[in-house]
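Here is what each chain is made of, one letter per residue.
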Amino acid sequence: MRAVAVLAVVVAHAGVPFLPGGFVGVDVFFVVSGYLISGLLYRDLAAGRGVSLTRFWARRARRILPAATVVLLTTLLAGLAVLPLLDGRSLVEDALWAGLFVVNLHFARQDDYFFSRDVDASPLQHYWSLAVEEQFYVVWPLLLLGCLALVRAARSMRGSAGGLRPGRPLPRGAIAAMLVVLTAGSFAWSVLQTSGDAPAAYFSTLTRAWELGVGALAALVTARTTRHLTRTSASLLAGAGLLAGLLAVVLFSPGTPFPGYAAALPVLGTAAVLLAGAGRARPVTDLLLGNPFMRTVGDWSYSLYLWHWPALVLPEQALGRTLAPAETAGALVATVLLSAATFHLVETPFRTGRTAVRLQVRRGLILYPVSLVLVLGSSAGAWAWTESRFGESGDNPAITADPSGTSTEQVEALVQASVEAARDDVEVPSDLTPDLYALPESIADVGLCDYRTDVRDLCQRGDPTGDRSMVLVGDSHARAWIPAFDRIAQAAGWRMHYLVKSQCTAAHVVVAPIEEDTPFDECTDFHEWTQEQVGNLDPDLVVVASSPPVNGVFDESGTRLSEVDDIAPLLDAGYEDLFADLAGTAERTVLIRDVPKAAEAPGTCLSVENSLKRCTFEPQERSAYLADVSVEAAEDADVEVVDPTSWLCFEGDCPAVIGGTLSYRDSDHLTTEYSASLAEALGSALGMLED
């Protein structure tokens with residue numbers, strides 16, 4: 001089954017179109033791991049050896065750490081060599097989390113997905129599943145020891161002999177009861193969190209523990225459930241399990257809410273195959289799973305899994321595009337060659353060779369600190385290297401302009417001067433704000449009211465005693481304006497509420513989240529909740545700021561539309577509904593036209609090119625066209641419009657650096673620093689501040 005699992009994952013990530021659900025191979029791995037590891041522990045207990053934590057963890061160290069460390073360090077060095085500096089900096093951070101085997105928590109915070117290849121995905125993103133397994137290996141034997149202690153205590157209270165003697169059956173009932181409770185609880189949480197916060201659910205140990213628990217349960221009941229299986233019944237059971245996995249691979253897609261209910265199909269299917277193969281009668285599926293090719297793939301599965309992702313992702317990120325079929329084939333060939341070498345030169349010596357003999361039991365535990373020192377040392381060196389590359393050098397001054405005039409005129413003059421400096425190929429200012437390496441963290445703070453999750457509280461900002469109030473409505477583009485509004489509120493004494501949810505376009509349309517093709521129901525619910533809150537707050541001003549749908553909209557028939565000409569009329573109607581609803585609850589409504597979007601993140605460009613001229617961009621036509629749709633809808637509804645384009649661009653050119661400030665965090669979000677610098681211009685345009 002390990003061969004099936006890794007093949008499913010690799011072909012899905014390689015972009016094979018008719019196997020979009022290959023990511024369920026990771027779930028197969030989890031069940032197999034739970035089955036094999038628990039089986040080892042059960043056999044030790046049945047033989048009277050007990051659960052030796054040092055022996056167990058040393059065995060896991062020899063199995064997991066050598067190959068994982070080699071691939072991690074190789075990927076880190078290769079990434080620093082070929083990636084833009086900003087991406088290399090992020091990779092160093094990912095390596096630190098991966099080396100500590102908690103990288104799943106790191107990616108969950110970033111709202112990443114592991115469903116498909118993405119030019120922005122971390123080359124170490126696949127280490128999330130290793131983190132989940134390592135966390136399981138730490139906790140599961142401790143839980144088992146706790147269960148055994150309770151059994152002994154209960155027997156002692158009844159006057160029975162404590163302990164487990166050789167040949168004496170395991171306390172299967174107690175272990176099974178514990179596993180059922182924990183597995184059921186994890187499954188319930190998986191379903192709940194998948195519906196509320198899919199990215200966090202995907203990477204969470206708590207939402208995946210039940211899959212390992214199913215494997216542990218299968219190992220516990222194997223002897224009693226398989227002894228009477230005939231060849232025919234075993235074959236039917238294994239065939240049904242394989243069919244379940246195949247259906248998941250073919251029918252599931254990046255749009256399938258996962259793990260949740262959907263994960264039950266490949267998980268239970270895998271358990272069925274494992275049980276069918278554990279009996280005396282061999283199922284006919286052994287002809288498929290037990291042939292030399294599949295056995296070799298199974299032996300190499302760990303190395304194949306470790307190498308395939310960086311082999312596919314690093315070339316994409318270095319080229320800045322998806323790989324052509326021939327290039328993908330080359331990456332897969334490299335994966336096989338690297339995996340073969342790693343299996344024979346790294347995995348095997350630490351598992352069965354002389355190295356394994358020298359590292360028996362307690363000595364094997366030394367691999368944990370050795371791996372950690374190697375990863376931490378390499379990461380520290382890489383971090384220092386990126387610091388030196390990012391570090392301020394030279395004395396190139398910031399771009400300046402005539403400081404006279406209104407705040408708006410001053411901003412526009414500085415933008416014009418910055419564009420002209422870029423056209424003249426002036427050197428990049430030495431003292432940038434924020435620093436290039438800090439760009440990923442330049443995100444507006446929303447406090448406890450992060451509506452990306454199921455939070456439905458109100459967090460008042462600004463002047464608590466102010467007699468005027470404003471509500472900001474929109475998505476992450478609205479969130480980017482929060483630093484400016486915070487300054488406005490402080491200066492003018494306004495009470496503020498920021499009702500913003502990432503990927504949730506303000507217009508009343510049904511959208512699809514990034515990487516998914518199902519309706520974003522949480523966004524629709526948020527629209528309704530937002531409208532209710534605006535009515536309750538009765539604000540003096542509502543400001544709407546939003547990007548257009550990034551992954552299409554759904555029409556009344558449930559069809560997702562992604563072409564601009566199809567989106568535009570639905571978006572227009574959605575804004576019309578929004579403005580009509582706000583007209584009945586807000587004293588005044590203003591739309592901030594969406595900011596121009598770049599084809600590439602200007603900061604990433606600067607980290608590669610170090611040139612103002614080459615990193616100046618022209619606004620993307622799609623975003624500009626759909627921004628026009630929102631403006632026309634606002635004008636039709638007699639809603640005021642503030643257009644920030646002149647605060648970012650001049651004569652169709654948008655500079656990466658305005659004065660000495662990086663204006664964009666990525667391709668379409670303002671940095672918190674530049675947003676804050678626009679407070680006076682924005683406040684004046686909205687009539688909240690006197691110019």
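About the criteria used
Residues numbered from 1 in each chain as written. Predicted model: local features only at pLDDT ≥ 70, side-chain atom pairs only at ≥ 80, totals over all residues. Heavy atoms only, no water. Core = buried A, V, L, I, M, F, W, Y, C linked by side-chain atoms within 4.5 Å. Buried < 20%, exposed > 50% of the residue type's maximum accessible area, 1.4 Å probe, protein only. Helix = DSSP H or I, 4+ residues; strand = E, 2+ residues; numbered from the N terminus. Pairing = 2+ DSSP bridges. Axes fitted to C-alpha atoms, helices over the stretch in contact; angles between N-to-C directions. Parallel < 35°, antiparallel > 145°, perpendicular 65-115°, else oblique. Left-handed = near helix turned anticlockwise from the far one by under 90°. Contact = heavy atoms within 4.5 Å. Nonpolar A, V, L, I, M, F, W, Y, C, P; charged D, E, K, R; others polar. Expected span 1.5 Å × (residues − 1). Salt bridge = Lys/Arg side-chain N within 4 Å of Asp/Glu carboxyl O. Patch = residues over 30% accessible without salt bridge, like charges linked within 9 Å, V, L, I, M, F, W, Y side chains within 5 Å. Areas by Shrake-Rupley, 256 points an atom, 1.4 Å probe, with all protein chains shown as cover. Lys, Arg positive; Asp, Glu negative; His and termini not counted. Charge placed at Lys NZ, Arg CZ, Asp CG, Glu CD. Phe/Tyr/Trp six-rings, centres within 6.5 Å; stacked < 30°, edge-to-face > 60°. Disulfide = S-S within 2.5 Å.

Caption draft 1: How the structure looks around the nonpolar core. Within the largest apolar cluster, 98 residues are counted, with the highest numbers of intra-cluster contacts made by Tyr-42, Tyr-127, Trp-128 and Trp-140. Core analysis: the second largest hydrophobic core is formed by 45 residues, Val-500, Ala-598, Trp-647 and Ile-658 among them.

Caption draft 2: Representation of the pairing of strand E2 (residues 468–474). When you tally the buried positions in E2, you get 6 out of 7 residues, the bulk of the element. With 7 bridges joining them, E2 and strand E3 (residues 494–500) adopt parallel strand pairing. By the bridge assignment for E3, Met-470 is matched with Met-496.

Caption draft 3: Structural context of the packing of helix H2 (residues 25–46) against helix H6 (residues 127–157). Where H2 meets H6, the closest approach of the two axes is 11 Å, and the angle between their N-to-C directions is 30°. What the angle tells us is that H2 and H6 run roughly parallel. Once H2 is placed against H6, the crossing between them reads as right-handed. On H6, the residues touching Val-26, Phe-29, Phe-30, Ser-33, Gly-34, Ile-37, Ser-38, Leu-41, Tyr-42 and Leu-45 of H2 are Trp-128, Ser-129, Val-132, Glu-133, Phe-136, Tyr-137, Trp-140, Leu-144 and Leu-148. The residue inventory of the contact of H2 with H6, partitioned by class, reads 14 nonpolar, 4 polar and 1 charged.

Caption draft 4: Inspection of helix H11 (residues 264–278) at higher detail. Spanning 15 residues, H11 covers 21 Å between terminal C-alpha atoms, matching the ideal 21 Å at 1.5 Å per step. Most of H11 is tucked away, with 11 of its 15 residues classed as buried. Taken together, the buried positions of H11 are occupied by Ala-264, Pro-266, Val-267, Gly-269, Thr-270, Ala-271, Ala-272, Val-273, Leu-274, Leu-275 and Ala-276. Residues of H11 that are buried make contact with H2, helix H7 (172–196), helix H9 (205–226), helix H10 (231–251) and helix H12 (286–289).

Caption draft 5: Geometry of the pattern of salt bridges. Summed over the entire model, instances satisfying the criterion amount to 15 salt bridges. Note that Asp-628 and Arg-593 form a salt bridge whose closest N and O atoms lie 2.6 Å from each other. Of the two residues, Asp-628 sits in helix H24 (residues 621–636) while Arg-593 sits in the loop between strand E8 (589–592) and helix H22 (602–609), which places them 35 residues apart along the sequence.

Caption draft 6: Examining helix H20 (residues 521–537) more closely. With 17 residues, H20 should cover 24 Å at 1.5 Å per step; its first-to-last C-alpha distance of 24 Å lies within 8% of that length. Residues of H20 that are buried include every one of Cys-523, Phe-526, His-527, Trp-529, Thr-530, Gln-531, Gln-533 and Val-534, and no others. Close packing links the buried residues of H20 with E2, E3, strand E4 (510–511), strand E5 (541–545) and helix H21 (564–583). At the C-terminal side of H20, Asp-538 shows a positive phi close to 50°.

Caption draft 7: View of a negative patch on the surface. A contiguous patch of negative charge on the surface is contributed by Glu-576, Asp-577, Asp-581, Glu-632, Glu-635, Asp-636 and Asp-638. Of all the elements in the fold, those that place two or more residues in the negative patch are H21 and H24.

Caption draft 8: Just the sheet that holds E3, in detail. Overall, mixed pairing links the 6 strands, which are arranged E1-E3-E2-E5-E8-E9 in an open sheet. Both outer strands of the open sheet, strand E1 (461–462) and strand E9 (640–642), are each paired with one neighbouring strand and no more. In the packing of H21 onto the sheet, contacts are made with E5 and E8, and the angle to E5 comes to roughly 165°.

Caption draft 9: The arrangement of the packing of aromatic side chains in detail. According to the stated counting rule, one finds 21 aromatic pairs in the structure shown. On the numbers, 5.9 Å between centres and 65° between planes, the contact of Phe-29 with Tyr-305 is edge-to-face. Of this pair, Phe-29 sits in helix H2 while Tyr-305 sits in helix H13 (residues 292–319), placing them 276 residues apart in sequence. For Tyr-305, a relative accessible area of 4% gives the class buried. Ring geometry for Phe-187 and Tyr-261: centres 6.0 Å apart, planes at 75°, overall edge-to-face. Residue Phe-187 is found in helix H7, and its partner Tyr-261 is found in the loop between H10 and H11; the two are separated by 74 residues along the sequence.

Caption draft 10: Structural view of the packing of H13 against helix H14 (residues 325–351). Between H13 and H14, whose axes approach to 8 Å, the crossing angle comes to 140°. With respect to H14, the element H13 is oriented oblique. Two packed elements cross with a definite hand, and for H13 against H14 that hand is right-handed. Residue composition of the contact of H13 with H14, by class: 13 nonpolar, 7 polar and 3 charged.

Caption draft 11: Highlighting the state of the cysteines. Inspection of every chain in the model, using the stated rule, returns 4 disulfides. Covalent S-S linkage joins Cys-449 and Cys-459, the inter-sulfur distance amounting to 2.0 Å. Taking the sign of the S-S torsion, about 85° here, the bridge from Cys-449 to Cys-459 comes out right-handed. One end of the pair, Cys-449, is in the loop between helix H17 (407–423) and E1; the other, Cys-459, is in the loop between H17 and E1, with 10 residues separating them in the sequence. Cys-459 sits in the partly exposed class, given a relative accessible area of 23%. A sulfur-sulfur separation of 2.1 Å characterises the disulfide bridge that pairs Cys-504 with Cys-523. The disulfide joining Cys-504 to Cys-523 has a torsion of about 85° about its S-S bond and is therefore right-handed. With a gap of 19 residues between them, Cys-504 in the loop between E3 and E4 and Cys-523 in helix H20 connect regions that are remote in the sequence. Of the two residues, Cys-504 and Cys-523, neither departs from the other in class, the shared state being buried. Disulfides within the protein link the bonded cysteines, taken in sequence order, as 1-2, 3-4, 5-6, 7-8.

Everything listed here is a matter of coordinates, which is why it stays silent on function.
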